[in-house]
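What follows is each chain in one-letter form.
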Amino acid sequence: MQEGAADPGLYDYHPYKGRPKIEWPGGKPVAVWVAPNLEYYEIDPPIHPKRNPWPHPAPSVVGYSHRDHSNRVSHWRMAEVMTRHGFPGSVSLSVALCQHHPEVVADAAERGWEFFSHGIYNTRYSYDMTEAQERAIIEDSIATVEQATGQRIRGWLAPALTHTPRTLDLLAEYGFDYTCDLYHDDQVQEVKVARGRLASIPYSLEVNDHYGFFVYNMSGREYAETLVKQYERLADEGAASGAVMCIPLHAYLIGQPHRIGPFEEALEHIAKDGRAWLATAGEIVDAWREQVA
């Protein structure tokens, strides 16, 4: 039999059954974190030979303006619902938003949300970057977010989910605490890096609103019901294990008038159920680290 590519060895294998239990504050069985993607898409970005930024020829007026709804209207609609029900945000930030729409970043900061980097633009891809280029993006992210918010970012979600073979090692070298770029588990896990330490926090593709509406063609009601089902199962299992639920959002999708109502009902259900620790990504990683160190 022909051998395939070697396992990259990014993390150890731990079967779900029989793992040591992670204890969340207050004895809650599941930690729930919300990841609003505050993004900036360029209308006519540089073309990358491996991937077109838009499915039709640029300049993409339709794609750009659809996403711009986030930064003009739907961010506030989404954020107010989250705040009303006690959900802090852990912001997946296109760092260029700090210059293009600082009002959005300021609003998130005023709400006490945590920030991590989602690259500079979501229309610039990491494929084939040199080490110097990748370091420049990491350093730019650290400096720009700190200047705009006063926070030193601790986490990373690669721009448009694109990477190089060295990305995770570089994050650990620069002192990052967590990555959202591995989708392999329902608990926080250790990532194997060349130097230092790096945790992988669960970041869901399955209940990501982008997948819900663009891939699975859900209605707003179906997506909200999916969030509740995800939560209920993880809360049940978490009584024995200590689970993590992530809700990744894009305001131009979830913040549309016809979707925001069912979404708010889902958040209200989770908040009132009483089994969820509503936390930021950094808080979850810190609580996990205290128990596995």
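The paragraphs below set out a description of the structure included in this document. (Residues numbered from 1 in each chain as written. Predicted model: local features only at pLDDT ≥ 70, side-chain atom pairs only at ≥ 80, totals over all residues. Heavy atoms only, no water.)

### Considering the nonpolar core
- Membership of the largest hydrophobic core comes to 64 residues, with the highest contact counts inside it found for Ile247 and Phe263.
- The leading source of residues in this core is helix α7 (residues 220-241), at 6 residues.
- Not counting chain neighbours up to four residues away, the residues in contact with Phe263 comprise Val81, Tyr223, Ala224, Leu227, Ile247, Leu249 and Ile254.
- If you look at the next biggest cluster of nonpolar residues, it comprises 22 residues, including Ala35, Val188, Ile284 and Ala287. (Core = buried A, V, L, I, M, F, W, Y, C linked by side-chain atoms within 4.5 Å. Buried < 20%, exposed > 50% of the residue type's maximum accessible area, 1.4 Å probe, protein only. Helix = DSSP H or I, 4+ residues; strand = E, 2+ residues; numbered from the N terminus. Contact = heavy atoms within 4.5 Å.)

### Quick look at the packing of helix α1 (residues 61-84) against helix α9 (residues 257-273)
- Running from amino to carboxyl end, α1 crosses α9 at an angle of 15°, the nearest separation of the two axes being 10 Å. The angle between α1 and α9 places the two elements in the roughly parallel class. Handedness of the α1/α9 crossing: right-handed. Mapping the contact onto sequence places Arg77, Met78, Val81, Met82 and Arg84 in α1 and Pro257, Ile260, Phe263, Glu264 and Leu267 in α9.
- A breakdown of the residues in the contact of α1 with α9 according to their chemical character gives 7 nonpolar, no polar and 3 charged. (Axes fitted to C-alpha atoms, helices over the stretch in contact; angles between N-to-C directions. Parallel < 35°, antiparallel > 145°, perpendicular 65-115°, else oblique. Left-handed = near helix turned anticlockwise from the far one by under 90°. Nonpolar A, V, L, I, M, F, W, Y, C, P; charged D, E, K, R; others polar.)

### Some details on the pattern of salt bridges
- Following the criterion strictly, the structure yields 18 salt bridges and no others.
- With a shortest N-O distance of 2.6 Å, Asp177 and Arg154 are connected by a salt bridge. Of this pair, Asp177 sits in the loop between α5 (167-173) and β5 (178-179) while Arg154 sits in the loop between α4 (131-149) and β4 (155-156), and the two are 23 residues apart along the sequence.
- The class of Arg154 is partly exposed, set by a relative accessible area of 24%.
- The partner of Lys272 in a salt bridge is Glu268, with the nearest N and O atoms 2.9 Å apart. Linking Lys272 with Glu268, this pair stays in helix α9, spanning 4 residues, or about one helical turn. (Salt bridge = Lys/Arg side-chain N within 4 Å of Asp/Glu carboxyl O.)

### A few points about the pairing of strand β2 (residues 90-93)
- Neither face of β2 is open: one carries Ser90 and Ser92, the other Val91 and Leu93, and all of them are buried.
- Relative to β2, strand β1 (residues 30-38) runs parallel, the two being bridged by 2 bridges. The residue of β2 that forms the bridge with Asn37 is Ser92.
- Bridge analysis of β2 against strand β3 (residues 114-117) gives 4 bridges, and the strand direction is parallel. Paired with Ser92 across the bridge in β3 is Phe116. (Pairing = 2+ DSSP bridges.)

### Details of α9
- End to end, α9 covers 25 Å across 17 residues, agreeing with the expected 24 Å (1.5 Å per residue, within 8%).
- Two residues or fewer past α9, Gly274 is found with a positive phi of approximately 90°. (Expected span 1.5 Å × (residues − 1).)

### A few points about the packing of aromatic side chains
- Counted under the stated rule, the structure contains 9 aromatic pairs.
- Seen in terms of ring centroids, Trp33 and Tyr203 are 6.3 Å apart; in terms of plane orientation they differ by 50°. Their pairing is tilted. Note that Trp33 is positioned in strand β1 and Tyr203 in the loop between β7 (198-200) and α6 (209-215), a separation of 170 residues in sequence. The same class applies to Trp33 as to Tyr203, namely buried.
- Chaining the aromatic ring pairs together yields one cluster made of Trp33, Phe116, Tyr178, Tyr183 and Tyr203.
- The ring of Tyr41 carries the charged tip of Arg67 above its face, separated from the ring centre by 4.8 Å. (Phe/Tyr/Trp six-rings, centres within 6.5 Å; stacked < 30°, edge-to-face > 60°. Lys NZ or Arg CZ within 6 Å of the ring centre and 35° of its normal.)

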